[in-house]
Amino acid sequence: MSTENYPPFEVSLPGDGQKNIKKKRNNQTERLGTSATGQTLPADSNRFFNYELSWLKFNERVLSEALDERNPILERVKFLSIVCSNLDEFFQKRVGGLKRQIQAGVNYQSIDRMTPTEQLDKIRVEVKVMITTLRKCFFEELVPALAENGIQFKTYLELTTGQQKVIDDYFNHQLYPILTPLAVDQAHPFPLISNKSRSLAIELLDTKTNEKLFARIKIPSNRPRWLVAESQKGSLILVAIEDVIKQNINRLFPGAEVLSANIFRVTRNADVERNEEEADDLLEVIEEELRERRFAEIVRLEIDAETPEHIKSVLLKKMKITKDDVFEMDGFIGLAQSIQIYDIEGFNELRFTKHPPAIHPVFKHDLEEESPSIFKIIRRGDFMVHHPYHSFATSVQRFIEEASNDPKVLAIKQTLYRTSSDSPLLHSLMRAANQGKQVAVLIELKARFDEERNIEWAQKLEKAGVHVSYGLPGLKIHSKATIVVRQEGERLQRYIHLGTGNYHPYTAQLYEDVGLFSCNEDLGEDITRLFNFLTGFAPAQKYLKLLVAPDYMRLKINELINHEIDEAKNNRPARIIAKMNSLEDPDMIQKLYEASSAGVRIDLIVRGVCLLKPGIKNLSDHIRVNSIVGRFLEHSRIYYFMNSGADLYYIGSADWMRRNLDGRVESLVPIDNPELKHYLHYLLNLLFKDNRYRWELQNDGIYRQCKIKKGEEEVVVQKLLLQHALNGKKAGSLNY
């Protein structure tokens, strides 16, 4: 690959850009046909995998890491917890959405022409197999392995007298006062069961009247999932909180006989409908949605297999669900909470070896300069950070903190999709506002499952004097951008950060992401225009270098793919490499099929959902699809086009999904610096050499994990990049 620079470009549309784009999309819709949702349905639906089933295949790859004995035992527990948490979200969003379609009486078809009912039937089969596998892994492999390494699970009755006293004391002082027994009778209606809550379904006998009653006790979510009965160095004994409550349940119903007490857990639909277009206050709309979601339609009931049949019938009737929505199981229910086991202090030998993130080489101070400002460092030239290998605290967080404290900084603007509950970045922005700086934050209230946290931050920021905007009706703000405006002499200088990941200090240690720091004038102008588009009214905004969605990004990517197609048709080398989280957009997939048919070599690294079928003769036989699921979540989006030898690289926030290209504000930034292009070249090529965490998608939808061949050395990309960062090498000094 060449490292030549390429000229900046300006994306413009003839006449009324918005109108022309909509007209073009309508033409595509007429040509391909649509479902009732407006989803493009190509004529040959056999070219596409089903979204829901592809997602489940991704979760299977995560589960494989829990099954893999090469991983440390607590890391396997963590992977299993992630699998269960993923399933929770899948039922809340995806299954909930399918059920809403059925209730609406319209058989919306998926891209592969399956009805919602057909999809739900296939989902149940796949999920039941997955649940059986993960629970067998937990109880038959992980629990015994944990016991061998000093972490034991015991029932209350298996404890010694001294250990029982510890648990009894905890129950008396930390549990009993907050438990609320709820009986169901004429005076007490069946209680509302909140989303993802665990409860005990209890059958009581009134010893005076011989009448049987139903009662429910909610397991407190603000208490540990497992209680510590004994803790010594290298040894821990845990007891499930529900077991402790069951042992003391008679204290909650004095005068009654407890006939049975069994655990159950509900999952509710998170696909709650809202109308943003007519909302006077988007904040109120999202707050109302959160309230509705807690008690929305139940889409799954997990229940103790030993629950008496007549109690199961009561639950099904009261919750208005069918047996298809019931998953019976033995043992602990709600294994997403097994992350608490991973977080137990000590037992570090049962986890991956911790390596502190490296300080990026540009921040290692010159001998003659004790501590240059980050702005002086950025002025020396563009540089790129790669998390979690490079420290977030000493790069992105430092950028915001210095800007907040620097008296020469006049303004700071940032987009915010997800962040931590106590983000140091947002505290810095509030300080900056208090100091009189112009601070604007574009906060996305609709970030799925983070809405409540973002609402809290929005209110705190506004109280501190920050200009808070909630974006545009019908569009999520997913772009990851920050701009700092600084007075330098008689001119204003703009400094920017554009990345692939959220401004989230915690996930920056777990998610793989890249980010660019620059003071390039054209990029500074583009980011200024982007924020003007988000906070003001600029529907025809144009950009010099940045690719911005909706509208402009899709057009430019199509243009770049068309160029590769033309090169291939003229027997010249043509290549596309794309790394993303999901590939779902049917028009983009069709375009990749067209490129492959023309002879363009296409390599895709798609961590999660992929609807494209690779390796189909005369259609996609030049396309290879890989997925990497490892210690860190592969989250970066990186795009490469050979471009007649003048290599083009982009990084940014957008996957090739319809929601990203048409329903969100996204941005991709070109990488011009030859040294940074060199690093991305190295990174993309290295990913295809991984023989530990890489999977290859077959045209039948099966992912096959790459194995170390005889005579080969193990290649673990994440391990190599971690070592590379710790060695302090610059991007241009890589050997490959």
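Preceding this section is the structure that the text describes.
Each value, and the rule that gives it
Residues numbered from 1 in each chain as written. Predicted model: local features only at pLDDT ≥ 70, side-chain atom pairs only at ≥ 80, totals over all residues. Heavy atoms only, no water. Helix = DSSP H or I, 4+ residues; strand = E, 2+ residues; numbered from the N terminus. Buried < 20%, exposed > 50% of the residue type's maximum accessible area, 1.4 Å probe, protein only. Contact = heavy atoms within 4.5 Å. Areas by Shrake-Rupley, 256 points an atom, 1.4 Å probe, with all protein chains shown as cover. Axes fitted to C-alpha atoms, helices over the stretch in contact; angles between N-to-C directions. Parallel < 35°, antiparallel > 145°, perpendicular 65-115°, else oblique. Nonpolar A, V, L, I, M, F, W, Y, C, P; charged D, E, K, R; others polar. Core = buried A, V, L, I, M, F, W, Y, C linked by side-chain atoms within 4.5 Å. Pairing = 2+ DSSP bridges. Salt bridge = Lys/Arg side-chain N within 4 Å of Asp/Glu carboxyl O.

Trainee: How would you sum up the overall build of the protein? Please name residues and give values.
Mentor: Counting its regular elements, the protein contains 19 helices and 27 strands. For the protein, with 736 residues in total, the buried portion stands at 58%. Long-range contacts, defined here as pairs at least 24 residues apart, represent 74% of the contacts in the protein between residues at least 6 apart. Accessible area of the protein: about 31,600 Å², with a carbon and sulfur share of 48%.

Trainee: Outline the packing of helix α2 (residues 51-67) against helix α4 (residues 116-148), listing residues and values.
Mentor: One way to put it is that α2 packs onto α4 with a least axis distance of 11 Å and a crossing angle of 5 degrees. Taken together, α2 and α4 sit at an angle that is classed as roughly parallel. When α2 is examined against α4, the residues Glu 52, Leu 53, Leu 56, Lys 57, Asn 59, Glu 60, Leu 63, Ala 66 and Leu 67 are found in contact with a partner set consisting of Gln 119, Lys 122, Ile 123, Glu 126, Val 127, Met 130, Thr 133, Leu 134, Cys 137, Glu 141 and Leu 142. Residues that form the contact of α2 with α4 fall into these classes: 11 nonpolar, 3 polar and 6 charged.

Trainee: Could you give me a rundown of the nonpolar core, with the residues and numbers involved?
Mentor: Among the nonpolar cores identified, the biggest contains 119 residues, and Leu 583, Leu 604, Leu 612 and Trp 656 are the most heavily contacted of them. The residues touching Trp 656, leaving out its near neighbours within four places in the chain, are Ile 557, Ala 578, Met 580, Ser 582, Leu 583, Glu 584, Asp 585, Met 588, Leu 592, Tyr 639, Phe 641 and Leu 661. Judged by nonpolar contacts, the second largest core, of 50 residues, contains Ala 358, Met 384, Ile 496 and Leu 516.

Trainee: Requested: an account of the sheet that holds strand β5 (residues 226-232), with residues and values cited.
Mentor: Pairing within the open sheet is mixed, and its 3 strands lie in the order β1-β6-β5. In this open sheet, the two edge strands, each paired with only one partner strand, are β1 (151-153) and β5. Neighbouring strand axes in the sheet, compared pairwise and without regard to direction, differ in orientation by 20 degrees on average. Here 3 bridges tie β1 to strand β6 (residues 235-240), and the two strands are oriented parallel to one another. In the strand pairing of β6, Phe 153 is matched with Leu 238.

Trainee: Tell me what's going on with the pattern of salt bridges, and back it up with residues and numbers.
Mentor: In this structure the tally under the stated criterion is 40 salt bridges. Put simply, Arg 124 and Asp 325 hold a salt bridge, and the shortest N to O gap is 4.0 Å. Here the residue Arg 124 occupies a position in helix α4, and Asp 325 occupies one in the loop between α8 (309-319) and β9 (326-329), the gap between them amounting to 201 residues. Using a relative accessible area of 6% as the deciding quantity, one classes Asp 325 as buried. With a closest N to O distance of 3.0 Å, Glu 525 and Arg 529 form a salt bridge. Of this pair, Glu 525 and Arg 529 both sit in helix α14 (residues 521-535), separated by 4 residues, roughly a single helical turn.

Trainee: Outline the pairing of strand β23 (residues 637-641), supporting the account with residue identities and numerical values.
Mentor: When you tally the buried positions in β23, you get 5 out of 5 residues, the bulk of the element. The side-chain alternation of β23 yields two buried faces, one formed by Arg 637, Tyr 639 and Phe 641 and the other by Ile 638 and Tyr 640. By the bridge criterion, 4 bridges tie strand β19 (residues 575-580) to β23 in an arrangement that is antiparallel. Across the sheet, Ile 577 pairs through a bridge with Tyr 640, a residue of β23. In this structure, the hairpin formed by β23 and strand β24 (residues 648-652) is closed by a connection of 6 residues, where Asn 643 is found at a positive phi of approximately 55 degrees.

Trainee: Go over the sheet that holds strand β4 (residues 212-218) with me, naming the residues and quoting the values.
Mentor: Judged by pairing direction, the sheet is mixed, and its 6 strands sit side by side in the order β2-β4-β3-β7-β8-β9 without closing on themselves. With partners counted over all chains shown, the strands left at the sheet margins are β2 (181-184) and β9, one partner each. Averaged over neighbouring strand pairs, the angle between their axes works out to 30 degrees when direction is ignored. Pairing of strand β8 (residues 298-304) with β9 involves 4 bridges; the strand directions are parallel. Directly across from Asp 304, in β9, lies its bridge partner Met 329. Across the face of the sheet, helix α3 (residues 73-103) comes into contact with β7 (256-268), β8 and β9 while running at roughly 135 degrees to β8.

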